[in-house]
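Commentary on secondary and tertiary structure
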Amino acid sequence: MNSKLMNFYKSHKPYSQFLLFGIILSLLPLLVNLGLVKYSLLTTVASILIYSIVALGLNLLLGYSGLISLGTAGFMGMGTYLTAFITADLGLPFELALIISVAVPMLIGVLTGLVSLRIEGYYLAIATLAISEILRKVFVEFDFVTNGFSGKQAQYPKLLGFLQLDRNGTYILIVFFLILVMVMMHNLVNSHTGRALSTMRGSEAAASAMGINIYRHRLLSFAIAVSFSALGGVLYMHFVKYTYPNAWILMLSLNILAVIVIGGVRSISGTILGAFIVFGVPDLILKRLPIIGSIDGAAYIFNGLLIILVILFYPNGLINMRFDIQRNFRKLFKRGEDLNG
Amino acid sequence: MDKMDNKVLKVENLSIAFGGLKAVDNLSFDIDEGEIFGLIGPNGAGKTTVFNCITQFYKPDEGDIYFRTNTGEVENLVGKKTHEIIGKGLVRTFQNIELIRELTVVENIMVGAHVEFKASLFNQFFRLKKTRQEESRIRKRAEEILDHMGLLSIKDMLVAGQPYGVLKKIELARALMLDPKLIILDEPAAGLNDSETLSLVNIIKEIKMERNCSILLIEHDMKFVNGLCDRICAINFGKLLAIGTPEEIQGNEQVQIAYLGKEDD
Amino acid sequence: MDIFVQILLNSLETGGIYALAALGIILIFRTSVTTNFAQGSISMFSAFLATIVLIRTGISPISAAIVGMLFALLIGVLVDYFVISRAQRVNPVSKQIITLGLIMIFLGLAPMLFGTDPLQFPRFVYGSYSFFGATISYNAIFNIVVGLALMGILFFALQKTKWGLSVRATASNDVVARMMGIPTAQVTRASWAIAAALGTLSALMLAPTNSVNLSMMDTVQVTALLACILGGFTSFYGAVIAAYLIGFASNLLSFYVSSIWSDSILYLLILTVILFKPTGIFGKKVIKKV
């Protein structure tokens, strides 16, 4: 029986791994209820998972298309305001809010991409920077929808019109979406679109010669990245239940970028690891240290330095440490054998 | 347009200039169906520029490029998008190998059939039936081509780190995925040793025989060109010097001057 | 008419501020092949340093600005020494991300060293002058003249001096430049230093109306980058002219349309221009070799 399960696990990698990861994550509320971990840990982990979803989309853009978006926070924020407006103000169902709140930012993303993706890749970073400035202005000034600086509230989601989730239920919903996004990313990357993106990144000449429409694929990967940002925003809104303009500043976009660079470009597990480092370490470790913990901006410096160090010295991200550790272990082992023999 | 009977490609009065310098100057030639056609010339003669014009990487200033497509119709390629060309049945390789290091050998070759994939984004996200069918069908074809070239054993290895001769073959394999009417090879033998060159000659001959396609190639190695091509076009400074059989070209005085320089009497 | 003259004068001042920042970005783009997103943060950081010096020692604003620019030169050199010069083999996208990492470091360091409260930086000179019904402060005249003079000197240096030739050679092909004996490493380092100093000056020109705070350069940074796109990253002049045009459009919009939405409308306008003129208004189409 046990070996049967083991075989199933092995033959269905990586899906079985994703599933196992999801199950482990789902145990967290139980541990909280049992009093084994702190109540606040659930909030920290939930936000890490939400940022993981956002970062997975951005990893497709950065890792596979070699493009940078600085509008992540803006599009995420847009997702929060839209879903809050649709569910709280208009009283429409969560599912509808989810669809609209992902579709509208995606549309704006596509328009931004249409303008900026035609010539040089780095134009996108600048264009999204400008768009996110505009969005921030909108969050502040459109106060009849956004409530301006005082922010806007929403509730835990009600699924299918009757299933009212609580804090734990919403957390499980976030876990569900994360695993779904992981599966989707894995599939996409290993299909012809994923190969086309890799080809574009490696050689635009080869891509064009093989019939890959570079402009269209850049747009596509940007649209996906924006959708996942907005999805993250929707989930954030219904878990944190509060949004305000200053939550969606450039720093958040940079932190999400840090997640990918530090964790590992083109790696799903690397992205998750990166999210735990970027959003977990400051919350769980830095703040508890004496002196450093009380300094504002310590987390920014930590992440900024880490970005630069990783790019310079460990360009494939910290996720590859496991291979290096394995390799060194094996070397150590071999040396031992050599000595014995 | 003149008659295109038995012709697969007809280049007419092609010209392109870069900042006043004419890289290709009023060049015309045509390629028969099933022919191996060589384009030769000294360094800087404009050979690669001709290729780039045909495949629409550069937009020519003047001239027309007629091509008999997969469907048998004749189309002018000038003004088409670069990524539309392969769909017409014309595919190229590059002088500096353009393969993707992060992909495996077989994945690199599957990219050659990119335009054949029709599964939607949604279908790919959830790896539904259509995606799975297309993947396995095209993977199988890629493996057949690899097998033919004797590369099946390395199909799941990364391209990064493969020897140069193997990379050249992988690029050629990628060009075969869509059964093109015309394959354009940019210096296929450059950097290969004698035995690798010999094996490449055989592969190119086989491709022509089995796939019933035409091949246009640029090459410096005269021995390679003479042994392989049915006809050769020699150019210098973007201008036509001569077109003819390898023997005719070898005997052509102007070609000798262009290659060896003029002897002072 | 008088309103128009007023707008024109204001535009010369704001345009100059944008132009100084944009020129710094282009200088770095041409020598390091990266769009420096940290230009604004480095300028903000040095502006804080200048303001702290001013408050602590009571020297004149002009002296404080000079001290701030000297600090900026040093910061530019340090950034290049510790980070950029070590990233020569890094791909262009990662290089951009490095400059984003720099933003995080400077934005993290600033509140740690200078506190979170905004600081005041006084005008360089006081008083104003009226003509044609428009009023212009001496400080604005000072800013306009200093900005133009500095850019004039820089353009002269780029065209006529050995340093300028080295910059242009490095910009056009750094490998060949290195082979010809041009010290490209020093050229790049100098560019980072000068760019930081130019940015700092633009920050301090902005400071009296805006206060010295963490986000003071946000708008300038976005606008300067857009000016670079609009002018085309390929020319030094294009970005400067575009910056003045943007300054003019910005003042026009905020007076005649909406002061709240002027920047947003401006950004959208610029993006629309790029849609129709992707290489910028002065840019040349570059043919990529394959």
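For the structure, see preceding data.
Right, let's walk through the structure included here.

Calculation rules
- Residues numbered from 1 in each chain as written.
- Chains lettered and ligands numbered in written order.
- Predicted model: local features only at pLDDT ≥ 70, side-chain atom pairs only at ≥ 80, totals over all residues.
- Helix = DSSP H or I, 4+ residues; strand = E, 2+ residues; numbered from the N terminus.
- Expected span 1.5 Å × (residues − 1).
- Contact = placed C-beta atoms within 7 Å.
- Nonpolar A, V, L, I, M, F, W, Y, C, P; charged D, E, K, R; others polar.
- Pairing = 2+ DSSP bridges.
- Axes fitted to C-alpha atoms, helices over the stretch in contact; angles between N-to-C directions.

1. So, helix H4 (residues 92–114) of chain C
With 23 residues, H4 of chain C ought to run about 33 Å at 1.5 Å a step, and its terminal C-alpha atoms sit 33 Å apart, in line with that. Positive phi appears at Gly115 of chain C, one or two residues downstream of H4 of chain C, with a value of about 80°.

2. Concerning the interface of chain B and chain A
Contacts between the two partners involve 27 residues from chain B and, on the opposite side, 20 residues from chain A. If you list the elements that add at least two residues to the side of chain B that touches chain A, you get helix H2 (85–88), strand S6 (90–92), helix H3 (105–110), helix H4 (121–125) and helix H5 (129–148) of chain B. The element contributing the most residues to the side of chain B that touches chain A is H4 of chain B, with three residues. Class assignment of the residues belonging to the side of chain B that touches chain A gives a composition of 12 nonpolar, eight polar and seven charged.

3. Describing the interface of chain C and chain A
Interfaces are frequently sized by the accessible area removed from exposure as the parts join. On the chain A side, the residues contacting the 35 residues of chain C number 36 residues. At the level of secondary structure, the elements contributing two or more residues to the side of chain C that touches chain A comprise H4, helix H9 (218–231) and helix H11 (262–276) of chain C. For the side of chain C that touches chain A, the element with the most residues is H4 of chain C, which contributes 16 residues. Split by residue class, the side of chain C that touches chain A holds 26 nonpolar, eight polar and one charged.

4. Concerning the sheet that holds strand S5 (residues 74–76) of chain B
All names here are of chain B. On the basis of which strands lie adjacent, the open sheet formed by four strands has the order S2-S1-S4-S5 and antiparallel pairing. The open sheet has two free edges, formed respectively by strand S2 (21–32) and S5, since each of these has just one partner strand. Here the average twist between neighbouring strands, direction ignored, is 15°. Bridge count for strand S1 (residues 7–18) against S2 is eight bridges, and the pairing is antiparallel. Its bridge partner lying in S2, Ile16 is registered against Val24.

5. Some thoughts on the sheet that holds strand S9 (residues 231–236) of chain B
Residues and elements named next belong to chain B. Across the sheet, which stays open at both edges, the six strands sit in the order S6-S7-S8-S3-S9-S10 with mixed pairing between neighbours. Two strands in the sheet have a free side with no partner beyond their single neighbour: S6 and strand S10 (239–244). Between one strand axis and the next, the sheet turns through 15° on average, direction left out of account. Here strand S3 (residues 36–40) runs beside S9; their pairing, made up of four bridges, is parallel. For Gly38, the partnering residue across the bridge sits in S9 and is Ile232.

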